Amino acid sequence: MTAARDRKVSPADIFSELPAGSLRVLQITDTHLYADAKKRLAGLATDHSLCQLLQLAQTKILPVDLALVTGDLVHDASASGYQRLKQHLLTLNTQAYCIPGNHDLNPVMRNNIQCDSISTDTVSRHGNWVLIMLDSTIPGKVEGQLSKEQLQLLSSGLEEHKDYHALVSLHHHPIPLGSAWIDNVALKNPDDLFSILDQHKHVRGLLWGHAHQLYDGERNGVKLMGSPSTCIQFKPHQDDFGIHQSPPGLRWLALLPEGKIMSDVEYLKDTPSGLDLGSVGY
Ligand SMILES: [Fe+2]
């Protein structure tokens, strides 16, 4: 086996060979920044790990057409945390779309992150694709739920864009992951979500964060994608909370004009120093 065959092809190489009309997308999730840029979550400096991943993106992934930021942006929901995240996102030189997670405060997020290139819009069109970003948060709760209003936005967004391929994003995972503690704080009404998706054959992908772990699957022809956090990862397939030693990561997606999705994740090479593997909560 040659070294060339062993070498992993970078997302940027894959992006450079996509057919015309493809969309190059970066997903960033669960950044958990704080007002204090040096503050650590389970021993890991969240601002630093995000900066390292943005550097990795500069060398291996960028440029992209879009960035999707899928919740738990700022752990303490501080205005200054969102303002700092905004500066980080602007370095990507692309249009970003943000949805809140259970740690976020939606009004504070909107007021401090929105600008010409960072949006909190629910529905946007790009080439042959419609992107639908749903708010699955319940104020004051860790678990998620899609409200009647959000379900209506999903339904109308899909109805009005039947000629487009659809990628739907939300913060909370809509399927059980086989880990009791995180499944207790999953999306509480997945049947409401899936009953709408099942009525629309142009839905191609469903994307989430929240679980701080990789998931790749498929349901009724829809690609299911859960993504690692840009900071700490949770131990999968374990009923009690646990921190996994896996390094911070992010996901890239290629949305092809005929509706196919190519996607994978990239991790930092090393787990950052200080990670507290014995942490019993976050
Ligand atoms: Fe999170």
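Owing to the predicted nature of the structure, the values given are computational and were not obtained by experimental measurement. (Residues numbered from 1 in each chain as written. Predicted model: local features only at pLDDT ≥ 70, side-chain atom pairs only at ≥ 80, totals over all residues. Heavy atoms only, no water.)

**Q** Sorry, what's going on with helix H8 (residues 190–198) here?
**A** Because an α-helix completes one turn every 3.6 residues, residues spaced three or four positions apart along the sequence face the same direction. Residues of H8 that are buried: Pro190, Leu193, Phe194, Ile196 and Leu197. Angular distribution of buried residues about the axis of H8 spans 160 degrees; they occupy a single face of the element. Where H8 is buried, its residues contact helix H6 (148–159), strand E9 (165–169), strand E10 (203–208) and strand E11 (215–219). (Buried < 20%, exposed > 50% of the residue type's maximum accessible area, 1.4 Å probe, protein only. Helix = DSSP H or I, 4+ residues; strand = E, 2+ residues; numbered from the N terminus. Arc of directions from axis to C-beta. Contact = heavy atoms within 4.5 Å.)

**Q** Even after reading the chapter, I still don't get unusual backbone geometry, so can you show me in this structure?
**A** Note: most residues except glycine have negative phi, and most peptide bonds are trans. That bond from Leu62 to Pro63 is cis: its omega, 5 degrees, falls within 30 degrees of zero. Its identity as a non-glycine residue notwithstanding, Ala77 has a phi of 50 degrees, on the positive side. With respect to the element layout, Ala77 can be found in the loop between strand E4 (66–70) and helix H4 (79–90). The phi angle at Asn93 is positive, at roughly 55 degrees, despite the residue not being glycine. Turning to its location among the elements, Asn93 is positioned in the loop between H4 and strand E5 (95–99). Residue Asn93 is classed as exposed on the basis of its relative accessible area of 72%.

**Q** Looking at this model, I keep getting lost on the sheet that holds strand E6 (residues 118–119). Mind explaining?
**A** Consider a sheet: its strands pair through backbone hydrogen bonds, and that pairing is either parallel or antiparallel. With respect to topology, six strands assemble into an open sheet ordered E6-E5-E4-E1-E15-E16, the strand pairing being mixed. The open sheet has two free edges, formed respectively by E6 and strand E16 (261–267), since each of these has just one partner strand. Relative to E5, E4 runs parallel, the two sharing five bridges. Paired with Leu66 across the bridge in E5 is Gln95. Strands in contact with helix H3 (residues 46–60) are strand E1 (23–28), strand E15 (249–255) and E16; relative to E16, the strand with the most contacts, it is inclined by about 130 degrees. (Pairing = 2+ DSSP bridges. Axes fitted to C-alpha atoms, helices over the stretch in contact; angles between N-to-C directions.)

**Q** How should I be thinking about the pairing of E5 in this particular structure?
**A** Residues in a regular strand point their side chains to alternate faces of the sheet. Within E5, four of the five residues are buried, which leaves it mostly tucked inside the rest of the structure. Viewed along the sheet, the connection from E4 through H4 into E5 turns out right-handed. By the bridge criterion, two bridges tie E5 to E6 in an arrangement that is parallel. When the sheet's bridge partners are listed, Ala96 is paired in E6 with Ile118. Considered for its hand, the β-α-β crossover made up of E5, helix H5 (residues 106–113) and E6 is right-handed. (Right-handed = clockwise from strand over helix to strand, strands pointing away.)

**Q** What exactly am I supposed to notice about the pattern of salt bridges here?
**A** If charged atoms from side chains of opposite charge come close, those side chains can pair. Applying the stated criterion across every chain yields a total of six salt bridges. The salt bridge partner of Glu266 is Lys60, with a shortest N-O separation of 3.0 Å. Taken as a pair, Glu266 in strand E16 and Lys60 in helix H3 lie far apart in primary sequence, 206 residues in all. The buried category is assigned to Glu266, whose relative accessible area is 4%. (Salt bridge = Lys/Arg side-chain N within 4 Å of Asp/Glu carboxyl O.)

**Q** Just to check I follow, could you spell out the environment of Ser16 for this structure?
**A** Tracing the chain through its elements places Ser16 in helix H2 (residues 11–16). Residue classification places Ser16 among the exposed residues on the basis of a relative accessible area of 56%. Here the side chain of Ser16 touches Asp13 through a polar contact of 2.7 Å, landing on its backbone oxygen. (Polar contact = N/O pair within 3.5 Å; in protein donor to acceptor, adjacent residues only side chain to side chain.)

**Q** How do you make sense of the sheet that holds strand E12 (residues 222–226) when you look at a structure like this?
**A** A sheet is described by the order of its strands in space; here six strands give the open sequence E7-E8-E9-E10-E12-E11, paired in mixed fashion. Whereas interior strands pair on both sides, the edge strands pair on one side only; in this sheet they are strand E7 (123–126) and E11. Going across the sheet, the axis of each strand differs from the next one's by a mean of 20 degrees, ignoring polarity. When E9 meets E10, the two strands line up parallel, connected through four bridges. For Val168, the partnering residue across the bridge sits in E10 and is Leu206. H6 rests against E7, strand E8 (129–133), E9 and E10 of the sheet, and its axis sits at about 175 degrees to E8. Those strands touched by H8 are E9, E10 and E11, and its axis lies near 155 degrees from that of E10.

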